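The chain contents come next:
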Amino acid sequence: MVRLELLETLVLYSRLGTMDAVARQCGCTTAAVVKRIQLLEEEVGYRLTQRAGRGSELTPAGWHLVERSTQILGLVDKTVSEIRDSVDDPRGRIVIVGRESSALESLASVMGQVRQRYPGISFELRACGREQAARMLAEGSASFAVLDASWECDAWETLSLPGEDRWGLLTRSGSDLAGRESVRRADITKRALLLPHEGSRELGYWLDKENQLDVVGRYGSGRVACRLVEAGVGEAIVLENAVAGNTRMIGAANSGGGSGLVFVPLDWLVGLRCVLAWSKQARLGRAGEVFVETARATFCMVD
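None of these values were measured; they are calculated from a predicted model.

Time to look at the pattern of salt bridges. Between side chains of opposite charge, a pair can form when the charged atoms approach closely. Evaluation of the coordinates by the stated rule reveals 14 salt bridges. One salt bridge connects Glu 240 with Arg 166, and the closest N-O pair in it is separated by 2.9 Å. With Glu 240 in helix 9 (residues 240-243) and Arg 166 in strand 7 (residues 165-172), this residue pair connects regions lying 74 residues apart in the sequence. Assessed through its relative accessible area of 27%, Arg 166 is described here as partly exposed. Salt-bridge contacts for Asp 187 lead to Arg 184; the nearest nitrogen and oxygen are separated by 3.0 Å. On the basis of relative accessibility, which here comes to 45%, the residue Arg 184 falls in the partly exposed class. Connected via shared salt-bridge partners are Arg 93, Glu 124 and Arg 126.

Attention now goes to the sheet that holds strand 6 (residues 156-160). Read across the sheet, five strands follow the order 4-3-5-14-6 without closing on themselves; strand pairing throughout is mixed. The open sheet has two edge strands with one neighbour each: strand 4 (121-127) and strand 6. Taking the axes of each pair of neighbouring strands and ignoring which way they run, one obtains an average angle of 25° across the sheet. Sitting on the sheet, helix 5 (residues 102-117) touches strand 3 (92-98), strand 4, strand 5 (144-148) and strand 14 (274-279), and the angle it makes with strand 4 is about 170°. Sitting on the sheet, helix 6 (residues 130-139) is in contact with strand 3, strand 4, strand 5, strand 6 and strand 14, with an inclination near 150° to strand 5.

Where helix 2 (residues 19-26) contacts helix 3 (residues 30-44), the two axes come as close as 8 Å, and the packing angle between them is 105°. As the angle between them shows, helix 2 and helix 3 are arranged roughly perpendicular. Counted together, Met 19, Asp 20, Val 22, Ala 23 and Cys 26 of helix 2 and Thr 30, Val 33, Val 34, Arg 36 and Ile 37 of helix 3 form the full contact between these two elements. Residues belonging to the contact of helix 2 with helix 3 are distributed by class as follows: seven nonpolar, one polar and two charged.

The sites that UniProt annotates as "domain: HTH lysR-type" (unreviewed entry) are residues 2-59. Its end C-alpha atoms 18 Å apart, residues 2-59 is made of 62% helix and 14% strand.

Here the focus is the nonpolar core. Ranked by size, the top nonpolar core spans 54 residues in total, and within it Ile 96, Leu 107, Val 146, Trp 167, Leu 276 and Phe 291 carry the most contacts. Sequence-distant contacts of Phe 291, defined by excluding residues within four places in its chain, comprise Ile 94, Ile 96, Leu 107, Val 110, Met 111, Val 114, Phe 123, Phe 144 and Leu 276. Formed by 15 residues, the second largest nonpolar core is a distinct cluster that contains Leu 48, Leu 58, Leu 65 and Val 66.

So, about the packing of aromatic side chains. On inspection of all chains with the given rule, the structure shows three aromatic pairs. Summarising the aromatic geometry, the rings of Phe 123 and Phe 291 are spaced 5.6 Å apart at their centres and angled 55° between planes, so their arrangement reads as tilted. Here Phe 123 is found in strand 4, whereas its partner Phe 291 is found in helix 10 (residues 285-302), with 168 residues between them in sequence. Taking the centre distance of 5.7 Å and the plane angle of 70° together, the rings of Phe 144 and Trp 278 count as edge-to-face. You can see Phe 144 sitting in strand 5 and its partner Trp 278 sitting in strand 14, a full 134 residues away along the chain. A residue is classified by how much of its surface remains accessible, and Phe 144, at 0% relative accessible area, is buried. Using a relative accessible area of 6% as the deciding quantity, one classes Trp 278 as buried. An aromatic cluster is present here, built from Phe 123, Phe 144, Trp 278 and Phe 291 joined pairwise through their rings.

Quick notes on the rules
- Residues numbered from 1 in each chain as written.
- Predicted model: local features only at pLDDT ≥ 70, side-chain atom pairs only at ≥ 80, totals over all residues.
- Heavy atoms only, no water.
- Salt bridge = Lys/Arg side-chain N within 4 Å of Asp/Glu carboxyl O.
- Helix = DSSP H or I, 4+ residues; strand = E, 2+ residues; numbered from the N terminus.
- Buried < 20%, exposed > 50% of the residue type's maximum accessible area, 1.4 Å probe, protein only.
- Pairing = 2+ DSSP bridges.
- Axes fitted to C-alpha atoms, helices over the stretch in contact; angles between N-to-C directions.
- Contact = heavy atoms within 4.5 Å.
- Parallel < 35°, antiparallel > 145°, perpendicular 65-115°, else oblique.
- Nonpolar A, V, L, I, M, F, W, Y, C, P; charged D, E, K, R; others polar.
- UniProt positions renumbered as here; feature names shortened; annotations may be inferred.
- Core = buried A, V, L, I, M, F, W, Y, C linked by side-chain atoms within 4.5 Å.
- Phe/Tyr/Trp six-rings, centres within 6.5 Å; stacked < 30°, edge-to-face > 60°.

Below is the structure:
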């Protein structure tokens, strides 16, 4: 294999014109420069210089090698620079997908810390269901996913996220349940219910037999659930965090009428915990590594 330092000597000779000039530039003897050219000729298998008057000049093969060497050395320099930048100044877009939860919001502080240190890293968040999130991870169209902690998969690395979201009933403020401290399973058996497309294992235990409930529809986001409840379609089983911005009263409330939405927690205090997941097979890149390192440091401090 041809050594890069020999190619550098040949390129320098093509620019300076004499072996003496190359020796002065490199801080070595002319004999050392001649030796390098000879070694390069041996590795290439062709004469690269020839006598011309009292000096020497490049042969056609020499000029061809100089042209290619300039490209090769330029690519090497560019690659080294890219490696340096990827370590010292990583760049890229990180796509995070997953369900609406406080866990997804807890990552905002991590993103802020990453952005302060490395402005070249950007983020994109997309709310979606578990199956879609898993598919995007597998396809590589997402860097990370926020998933229900009870859903296990050996193909993923995971990091536990802080916080737990409560499941509860979203109802209108004039409802007879609006003033309750909690809702029991027996309270909802004969009521028109809206259920999430994606629940959780714990919610499934609480709901028990769904076919014994009056399920009038399903929703995909907290915002949609709020609109459906406001319109009188039914009452929705929701995550508190997913509807917090749309409820005018949270928790126990006055049942004295009026407009607005009320969140009443389930009596088992059924909660949802999440993890940050990423593929074991996927290469995160330096930007992804920085994000994981920052998340680990942040959430370890919280614990």
